[in-house]
Amino acid sequence: QVQLVESGGGLVQDGGSLRLSCAASGRSFTTFSRYSWGWFRQSPGKDREFVAALRWSGDAPSYANSVKGRFAISGDSATNMIYLEMNSLKPEDTAVYYCAAMLKGLQDVTIGRFYNYWGQGTQVTVSS
C-alpha cells in the first residue's frame, strides 16, 4: 500500500501564504520517479478541482488557471515529499486540499480519476 499524508493547512488571511506538504510512504511505494503527483481541492457542494501536478517524465508542472502564478508545486525525491506553496491566497481558495499519486503512465494528470492513491486531505480556510 501507498500512504499519503497531507499537512500544513490552516486559517490564513486574504493575501496570505501557506505551504502544504504531502509525505509518501508504504510497502508498495518504490521510488519517487515512478509516479506523477497532484494536488486537488474540494469545497462543500462543488466537484473536486484540479490544482497542480508534477509529471513523472519531469516535464514542466501543470496548474489550474485559477492558481497559476500564485501556487507552486515541487517535490523532493530524497525525502519523498511533495509540496504546494500557496501565496496571494483568496477566500475562494478555501477548500480541503488532497495530495494524490498516479503510477507511471500516459494518463492526463489533471483528471482525478486517473490517480491511484489519495491522502485524507487538509483544510485550508482563507478569511476576508
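Here is what the cut-offs are and how they apply
Residues numbered from 1 in each chain as written. Predicted model: local features only at pLDDT ≥ 70, side-chain atom pairs only at ≥ 80, totals over all residues. Heavy atoms only, no water. Salt bridge = Lys/Arg side-chain N within 4 Å of Asp/Glu carboxyl O. Helix = DSSP H or I, 4+ residues; strand = E, 2+ residues; numbered from the N terminus. Buried < 20%, exposed > 50% of the residue type's maximum accessible area, 1.4 Å probe, protein only. Phe/Tyr/Trp six-rings, centres within 6.5 Å; stacked < 30°, edge-to-face > 60°. Lys NZ or Arg CZ within 6 Å of the ring centre and 35° of its normal.

A.B. asks: Describe the pattern of salt bridges, listing the residues and the values that go with them.
C.D. replies: According to the stated counting rule, one finds three salt bridges in the structure shown. For Arg41, the salt bridge is made with Asp93, and the minimal N-O distance between the two is 2.9 Å. Here Arg41 is found in strand 4 (residues 35-42), whereas its partner Asp93 is found in the loop between strand 8 (81-86) and strand 9 (95-103), with 52 residues between them in sequence. Each member of the pair Arg41 and Asp93 is classed as buried. Asp93 serves as the salt-bridge partner of Arg70, at 2.8 Å between the closest nitrogen and oxygen.

A.B. asks: I'd love a proper account of the packing of aromatic side chains, names of residues and values included.
C.D. replies: Tallying each qualifying case throughout the model produces five aromatic pairs. The interplanar angle of 45° and the centroid separation of 5.4 Å between the aromatic rings of Tyr35 and Trp37 together place this pair among those described as tilted. Exposure remark for Tyr35: the relative accessible area of 2% places this residue in the buried category. By relative accessible area, which is 2% here, Trp37 ends up buried. Both rings, one in Phe40 and one in Trp118, keep their centres 5.1 Å apart while their planes meet at 55°; by these two values the pair is tilted. Taken together, the residues Phe40 in strand 4 and Trp118 in strand 10 (residues 117-118) connect sequence positions 78 residues apart. By the ring-pair criterion, three or more aromatic residues cluster together here, those being Phe40, Phe50, Tyr115 and Trp118. When the ring centre of Phe40 is taken as reference, the NZ or CZ atom of Arg48 above it lies at 5.9 Å.

A.B. asks: Describe the environment of Ile111, and please don't skip the residues or the numbers.
C.D. replies: Looking at the element boundaries, Ile111 is found in the loop between strand 9 and strand 10. According to the relative accessible area criterion, Ile111 is partly exposed, its value standing at 29%. Taking C-alpha positions, Ile111 is 19 Å from Tyr83, a pair spaced 28 residues apart along the chain.

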